[in-house]
Amino acid sequence: MDNMRLDKWLWAARFFKTRSLAAQEITKGRVHVNQQLAKPARDIKPGDMLWIKRGDAGVTVTVMALSSVRGPAPVAQQLYAETPDSIAAREKAAEMRRLAPEPSHQLEQGRPTKRDRRLIDRLRGSHG
């Protein structure tokens, strides 16, 4: 096997839970092959560069091998290699999320959060 469908490979490499979900994400433009928009039926081969948007950030991987079956995660991870730039960007994004302030601390008015409600109940002495 020297090439296969993009949606099938993304499913086999465990980037998406189902093949139809992979096809939907490709159609929405969240997957690029060699820096170009792709369609679900696009043929890919080892050596192709893929950019896959996952959550807030994108992941850039190089296709290392092809597989038409969806195996366990350790086997699926051998189908691709993430680029060093992508790893660094992902780690930086994780660090930024970790250091980001708690969103509820910026609220000065409005409804109390669940945490605020528990504090109020504790101060009033009521247990509800």
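Residues numbered from 1 in each chain as written. Predicted model: local features only at pLDDT ≥ 70, side-chain atom pairs only at ≥ 80, totals over all residues. Heavy atoms only, no water.

1. Topic: the sheet that holds strand β7 (residues 80–82)
Part 1 of the argument: Spatially, five strands are ordered β3-β2-β5-β6-β7 in an open sheet, and the strand pairing comes out antiparallel. The outermost strands of the open sheet, each flanked by one partner alone, are β3 (36–37) and β7.
Part 2 of the argument: As paired elements, strand β2 (residues 31–33) and strand β5 (residues 49–54) share three bridges and run antiparallel to each other. Within β5, the position partnered with V31 by the bridge is I52. (Pairing = 2+ DSSP bridges. Helix = DSSP H or I, 4+ residues; strand = E, 2+ residues; numbered from the N terminus.)

2. Observations concerning the packing of aromatic side chains
Two descriptors summarise a pair of aromatic rings, namely the distance from one centre to the other and the angle between the planes of the rings.
Part 1 of the argument: Inspection of every chain in the model, using the stated rule, returns three aromatic pairs.
Part 2 of the argument: Centroid distance W9 to Y80: 6.3 Å. Interplanar angle 75°. Geometry classified as edge-to-face. Of this pair, W9 sits in helix α1 (residues 6–12) while Y80 sits in strand β7, and the two are 71 residues apart along the sequence.
Part 3 of the argument: Here the aromatic cluster, defined as three or more aromatic residues joined through ring pairs, consists of W9, F15 and Y80. (Phe/Tyr/Trp six-rings, centres within 6.5 Å; stacked < 30°, edge-to-face > 60°.)

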